[in-house]
Every structure is written in C-alpha cells, then in structure tokens.
Amino acid sequence: MAEQLKAIKGMNDILPPDSARWEWLEDTVRRLMRRYGYQNVRTPIVEPTALFVRGLGEVTDIVEKEMYSFEDSLNGDRLTLRPEGTAGVVRAMNEHNFLYEGGRRLYYIGPMFRHERPQKGRYRQFHQVGAEVLGFPGPDVDAEVILMTAALWRDLGLTVGQDVRLQLNSLGQPAERLAHREALIRHLEAHADQLDDDARRRLHSNPLRILDTKNPAMQPIVEAAPKLMDFLGEASLAHLHAVRAALDAVGVPYELNTRLVRGMDYYNLTVFEWVTDRLGAQGTVCGGGRYDGLIEQLGGKPAPAVGWGLGMERLLLLLEEVGAAPTAPAPDAYAVVLAGAPMATVLHALEGLRAHGVCVQLHPQGKDGPTSAKSQFKKADASGARFALVFGPDELAAGQVTVKPLRDGGEQLQQRLTDMAGWASGLARASAS
Ligand code: ATP
Ligand code: MG
C-alpha cells in the first residue's frame, strides 16, 4: 500500500461530530452580526508580506517569528499566509475606496496562520471571527464592539464575569505613549541587570511589550514601572470614561488592567481582552481595541477604526469545558427501504419530505440491493432519528409509507405520500423541539 500522508503539524482537520459545533458557532456569530448591522467580508488568505510588516510592526512576535512567508516561485513576490485579519480588511477597504462614503461595520470568519509551538489552544492554522468598525472616532463604537462580544458569550451560553472576564485599558495617543515610553526606558535602564534577554533586546525597540512578559523574575520591575495611565491627557481619559460608562449602564462587568497591552503596534486608546481561567496558559479568548492610525499607515485616507478578533478553537474548548457546546443534531427520520421497493419512488418521496423541512437520511443499499431490514433498523436507531420511515413494495404500490416512532413510543402509522402536507411537518417539529 502507498504511504499515507499526514496533515501538517499544528494544522487540524475539523471533522464530524466536532464540525457541528463549528457550524453552530458560525451560525450564532452570523445572527449576532445581523443584529448589530455588520456586513461580511472575505479577503484572500495570501497577502503581500509587506502588508503585515507595515501593518503589525516589525518588532512584534508575529512579524519577528510567527509568519508563514514564502517567495512566489513564478515572479519572486514575497507573500505571507495571513496571521490575522485586520490588515487585510483595511487593505481591501483602501483598495476599493470603501471609506469615502462614511464608515463601515464589517466582520469576517476564517483561518489564520502563525508558526508557533502547537499546544492546547495554540495551533499553526487556527480560526478567527473578527469585527472591524472603520471610519468612526467615538467611544460609542468602542463600547458597541465590546458589548457585542458580551452578547455573543450570552448567546453561546457562557456566563460573563465568570466563564469569561473582560479586561480593559487605554493606550492613549501616540504623543502620550511617547512620553510614557521615555519614562519607561529610563526605569528599565535603571534596572538593566535584572532584565532577561528578550527584554534587553526590546528595551529600545518595543519597551511596552516588556510589560507583557510572562517571566516571573521580572514581575517586580514591571510592577514598579511607570504606568501609561498616568500619562494620558484629558481627551484620552474622557474617551475611556465614556466606554466605561456604557459598560456600566449595560451591566457588563470589567476589570481595568493598566498593564494590558496588545501584541500589535497599531492600537491606541481603548484596548480590551476577554480572558478565562479554564484554558491554562492559552487564557485569552478574544482581544481588540482602537487602531486609529492603521488605515493611513497602510496608504489610505486617514480614518479611525476599532475592532476585535476571537480565537474559535479556544472558544470551542471553553464551551466544551463549561458544557455549553451542543452535540450534532440527529435527523428527524431514517428511511428503511425493503427489498422490492422501487428506488425511484422512494427517492421521490424523500425529496417531497425534505421540501417540507424534514431532515431525512436514506439507508444506502448494498451491491445487491437493500440490506436486511434488521440491519437497517439498527442503523436507524443508531442515527438518533425519532422516526423510521419504512418503504415496503406493497405500501409503495398503495401510495403509502409506514412511520414508526423510534424514541418516545407512540403508534406506528401508515401515511399517504400524496398527502405529505398533512403529516410531514409533524416529523420535522418533533426533532426541532
Ligand atoms: P496569545 O497571547 O495567546 O498569543 P495573541 O495576542 O497573539 O494571543 P491575537 O493576535 O490578539 O492573539 O488574536 C486574537 C485571538 O486569536 C486570541 O485571543 C486567541 O484566542 C486567538 N489566537 C491567537 N493565536 C492563536 C493560535 N496560534 N492558535 C489558536 N488561537 C490563537
Ligand atoms: Mg500570540
């Protein structure tokens, strides 16, 4: 036999029955987006490498070491499998002049790629849902994008403040960050002997990221570091205050975490993360914030923006952990076909039932026609269907089918195929309840 090929490490197949949970999550997301008036965008998986280098910043984890980049063998172009969704959405909006007529509310669902060490909740191909609001400067939309994530958790059966907790911060404006950055570098330089290699390397390139360190030995220096919050001016503080007031009014609990920074350089003002204690080290389920400089940085007409991205794998792990993920739905009915029943008539009947909204699964016949009734009923039972539809030659000749309840008892009935409207919806309703 030929050697079997395997999927790439850190890239997973999503198969039944798990795929049903993915569909359920996607359906829930789409309904949420419609309620909030967000439109779907689908951008390419592959983008010019320069888009992410310029968009995310050279000294970010993603650009420094996580990107899948390669050369197009035909023309030598530098290309990258998208590691996140925001840069591509902004590129597309710029390219198609979508922001000239005002703002946009957009969302996407799709795969992202990062060359990381695979572990629970961290993969090399993973999937994100993201929302981006482009063209609006006010704290109202910051609050809206946070509130919609809270609504999503509720839709999915998670308890806000318990299963997932909101962390909020403000990164201020570039000038405020610069003043803070200088004070921060002075502080870190004064403790240079206590910095680890990573921190020393970033001291002048990206000192803010040092505050994000997971190294316990550096916690004291980080704790004592000057806080960006103390460098924020009146306008930045007012913006944060407005977001907080909206969250308070709606009753979404949050924690002000003045040390929260995000992995990408493009954020300003509002940043937030939804975290959970139930997934170990991979505790961030969703992160986002305002990125007013990015559209211009990527060559567009200056326009403000705010958005978030959530990791679907992590969210599904969390949903399983708390028992909120549904199992795959069973069909309403399973079609058992007895020897001698004309196949074309059976298929015609099943099409009619499906047109009436019945989820019905056909038992496929073997090489020599229908398998034994006993084996078919076994499969019918295993399918989880509530009804078996028995198609026998005599019944079909009389224009009838036998409907046999498989779960909750009840009587076996002969139903007329010409009169489906009268009874088919009863089969569909049974499993919808
Ligand atoms: P982390 O700190 O865990 O590496 P991040 O800050 O790099 O996360 P973002 O770039 O903000 O993550 O992406 C948004 C979300 O996408 C994360 O909160 C997480 O849920 C998910 N995510 C990020 N990287 C991965 C990955 N390699 N595998 C699975 N999910 C991921
Ligand atoms: Mg990361």
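Residues numbered from 1 in each chain as written. Chains lettered and ligands numbered in written order. Predicted model: local features only at pLDDT ≥ 70, side-chain atom pairs only at ≥ 80, totals over all residues. Heavy atoms only, no water.

Undergrad: Any chance you could explain the sheet that holds strand β16 (residues 413–416) here in plain terms?
TA: What links the strands of a sheet is backbone hydrogen bonding, and the strands pair in either a parallel or an antiparallel sense. Here we have five strands laid out as an open sheet, ordered β13-β12-β14-β15-β16, and mixed in their pairing. Of all strands in the sheet, those with a lone pairing partner are β13 (360–362) and β16, marking the two edges. The mean inter-strand angle of the sheet, taken between neighbouring strand axes irrespective of direction, is 30°. Here four bridges tie strand β15 (residues 400–405) to β16, and the two strands are oriented antiparallel to one another. Note that in β16 the partner of Val-403 across the bridge is Leu-413. Strands β12 (333–337), β14 (387–391) and β15 of the sheet are contacted by helix α14 (residues 373–382), whose axis makes an angle of about 175° with β12. (Pairing = 2+ DSSP bridges. Helix = DSSP H or I, 4+ residues; strand = E, 2+ residues; numbered from the N terminus. Axes fitted to C-alpha atoms, helices over the stretch in contact; angles between N-to-C directions. Contact = heavy atoms within 4.5 Å.)

Undergrad: What is the right way to look at the sheet that holds strand β4 (residues 78–81) in this model?
TA: Taken together, three strands build an open sheet; the order of strands is β2-β4-β3 and the sheet is antiparallel. Strands at the two margins of the open sheet, each flanked by one partner only, are β2 (46–48) and β3 (68–71). Averaged over all pairs of adjacent strands, the angle between their axes in this sheet comes to 35°, without regard to strand direction. Inspection of the sheet shows β2 paired to β4 by three bridges, in the antiparallel sense.

Undergrad: How should I be thinking about the pairing of β15 in this particular structure?
TA: Consecutive side chains along a regular strand alternate between the two faces of the sheet. Across four bridges, the pairing between β14 and β15 is antiparallel. Note on β15: the bridge partner recorded for Leu-389 is Val-403.

Undergrad: Would you mind showing me how to read the site of ligand 1 here?
TA: For ligand 1, the set of nearby residues contains 15 residues, the closest of which are Arg-114, Glu-116, Arg-122, Tyr-123 and Arg-262. Contacts to ligand 1 include Arg-122, whose side-chain N or O atom sits 2.8 Å from an oxygen atom. Arg-314 is positioned such that a nitrogen or oxygen atom in its side chain is 3.0 Å from an oxygen atom of ligand 1. With the chains in place, 89% of the 580 Å² that ligand 1 exposes on its own is no longer accessible. Residue assignment for the shell around ligand 1 shows that the elements contributing at least two residues are β6 (125–134), β10 (284–290) and β11 (305–311). The residue inventory of the shell around ligand 1, partitioned by class, reads five nonpolar, five polar and five charged. (Near = heavy atom within 4 Å. Polar contact = N/O pair within 3.5 Å; in protein donor to acceptor, adjacent residues only side chain to side chain. Areas by Shrake-Rupley, 256 points an atom, 1.4 Å probe, with all protein chains shown as cover. Nonpolar A, V, L, I, M, F, W, Y, C, P; charged D, E, K, R; others polar.)

Undergrad: In this structure, what is going on with the packing of aromatic side chains? I would like to understand it.
TA: Centre distance and the angle of the planes are the two values used to describe a pair of aromatic rings. In this structure the tally under the stated criterion is three aromatic pairs. With centroids separated by 5.7 Å and ring planes inclined at 80°, the aromatic side chains of Trp-153 and Trp-274 adopt a geometry described as edge-to-face. You can see Trp-153 sitting in helix α5 (residues 139–156) and its partner Trp-274 sitting in strand β9 (residues 268–275), a full 121 residues away along the chain. Across the pair, Trp-274 and Trp-153 agree in class, each one buried. For the ring pair Tyr-266 and Tyr-291, a centre distance of 5.5 Å and an interplane angle of 50° mean the geometry is tilted. With Tyr-266 in the loop between β8 (254–256) and β9 and Tyr-291 in the loop between β10 and α11 (294–297), this residue pair connects regions lying 25 residues apart in the sequence. Among the aromatic side chains, those forming a connected cluster through ring pairs are Tyr-266, Tyr-267 and Tyr-291. (Phe/Tyr/Trp six-rings, centres within 6.5 Å; stacked < 30°, edge-to-face > 60°. Buried < 20%, exposed > 50% of the residue type's maximum accessible area, 1.4 Å probe, protein only.)

Undergrad: I tried to follow the pattern of salt bridges on my own but got confused; where do I start?
TA: Where charged atoms from two side chains of opposite charge come close, those side chains can pair. Inspection of every chain in the model, using the stated rule, returns 24 salt bridges. Here Asp-198 and Arg-202 are joined by a salt bridge, their closest N and O atoms 3.5 Å apart. On the criterion of helical spacing, the pair formed by Asp-198 and Arg-202 is a turn pair, its members being four residues apart in helix α7 (residues 197–202). One salt-bridge network, held together by shared partners, links Asp-61, Glu-64, Lys-65, Asp-198, Arg-201, Arg-202 and Arg-209. (Salt bridge = Lys/Arg side-chain N within 4 Å of Asp/Glu carboxyl O.)

Undergrad: Even after reading the chapter, I still don't get the pairing of β6, so can you show me in this structure?
TA: For β6, a buried count of nine out of ten residues is recorded, marking the element as mostly surrounded by other parts of the structure. Of the pairings in the sheet, the one linking strand β5 (residues 104–113) to β6 comprises ten bridges and is antiparallel in character. When the sheet's bridge partners are listed, Met-112 is paired in β6 with Phe-126. Where β6 and β11 come together, seven bridges link them in antiparallel fashion. In the sheet register, Leu-134 faces β11, and the bridge partner there is Ala-305.

Undergrad: Just checking my understanding: could you explain the packing of helix α1 (residues 18–36) against α5 for this structure?
TA: For any two helices packed against each other, the geometry comes down to the angle between their axes and how far apart the axes lie. Where α1 meets α5, the closest approach of the two axes is 10 Å, and the angle between their N-to-C directions is 140°. Judged by the angle between their axes, α1 and α5 are oblique. When you trace α1 past α5, the crossing you get is right-handed. Contacts from Trp-24, Leu-25, Thr-28, Val-29, Leu-32, Met-33, Arg-35 and Tyr-36 in α1 reach Glu-144, Leu-147, Met-148, Ala-151, Leu-152, Asp-155 and Leu-156 in α5. (Parallel < 35°, antiparallel > 145°, perpendicular 65-115°, else oblique. Left-handed = near helix turned anticlockwise from the far one by under 90°.)

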